[in-house]
Amino acid sequence: MTVNDYHRAAMRTAPELDRQQMLIDAALGLTGEAGEVADLVKKANYQGHILDKDAIMKELGDVAWYIALACQGLGVTMQEVFQMNVDKLKKRYPDGFDAWMSRNRME
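The structure displayed is predicted, hence computed values, not measured ones.

1. A look at the side chain of histidine 7
Right, on to step 1. Along the chain, the position of histidine 7 falls in helix H1 (residues 3-10).
Right, on to step 2. Residue classification places histidine 7 among the buried residues on the basis of a relative accessible area of 6%.
Right, on to step 3. Separated by 3.3 Å, the side chain of histidine 7 and the backbone oxygen of alanine 68 make a polar contact.
Right, on to step 4. Leaving out residues up to four positions away in the same chain, histidine 7 has contacts with Ala68, Cys71, Gln72, Val76, Thr77 and Met78.

Dropping the structure here:
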């Protein structure tokens, strides 16, 4: 499955909202789902729970769904967003991640 195949498939379950409302829904949903991922990691690291890989994968899938919704609201594809991110990272770290460059980068 390509990222754009996922985007199309995920949007079968998107709410019928205008683009602005879709973007708001996506932004709020992303924060909630990211919080659920963080909570699972927190519980495993600080509260004695076993790290539940399957639960994290499900929450990451929900994050992906909200990314797709945000892209839909913006009128762009996930492929465009992902490519823009990779291009930014290549420019920022042409030889791979470097902690010094991270601390001293020029935007």
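2. Some words on the environment of aspartate 18
Right, on to step 1. On the secondary structure map, aspartate 18 appears in the loop between H1 and helix H2 (19-46).
Right, on to step 2. Judged by relative accessible area, which is 48%, aspartate 18 ranks as partly exposed.
Right, on to step 3. Sequence-wise, aspartate 18 and glutamine 72 are 54 residues apart; in three dimensions their C-alpha atoms are separated by 10.0 Å.
Right, on to step 4. At 3.1 Å, the side chain of aspartate 18 and the backbone nitrogen of glutamine 20 are in polar contact.

3. Some thoughts on the packing of H1 against helix H4 (residues 78-92)
Right, on to step 1. Here H1 crosses H4 at 140°, and the two axes come no closer than 8 Å. Relative to H4, the element H1 lies oblique. Residues Val3, Asn4, Tyr6 and His7 of H1 form the contact with H4, whose participating residues are Met78, Gln79 and Phe82.
Right, on to step 2. Grouping the constituent residues of the contact of H1 with H4 by class yields four nonpolar, three polar and no charged.

4. Re the packing of aromatic side chains
Right, on to step 1. All told, the structure shown has two aromatic pairs when counted by the stated rule.
Right, on to step 2. Ring geometry for tryptophan 65 and tyrosine 66: centres 4.9 Å apart, planes at 90°, overall edge-to-face. Each member of the pair, tryptophan 65 as well as tyrosine 66, is classed as buried.
Right, on to step 3. Measuring from centroid to centroid gives 5.2 Å for tyrosine 93 and phenylalanine 97, while their planes differ by 55°, and the two rings are tilted.
Right, on to step 4. In this structure phenylalanine 97 comes out as exposed when scored by relative accessible area, which is 61%.

Parameters and conventions
Residues numbered from 1 in each chain as written. Predicted model: local features only at pLDDT ≥ 70, side-chain atom pairs only at ≥ 80, totals over all residues. Heavy atoms only, no water. Helix = DSSP H or I, 4+ residues; strand = E, 2+ residues; numbered from the N terminus. Buried < 20%, exposed > 50% of the residue type's maximum accessible area, 1.4 Å probe, protein only. Polar contact = N/O pair within 3.5 Å; in protein donor to acceptor, adjacent residues only side chain to side chain. Contact = heavy atoms within 4.5 Å. Axes fitted to C-alpha atoms, helices over the stretch in contact; angles between N-to-C directions. Parallel < 35°, antiparallel > 145°, perpendicular 65-115°, else oblique. Nonpolar A, V, L, I, M, F, W, Y, C, P; charged D, E, K, R; others polar. Phe/Tyr/Trp six-rings, centres within 6.5 Å; stacked < 30°, edge-to-face > 60°.

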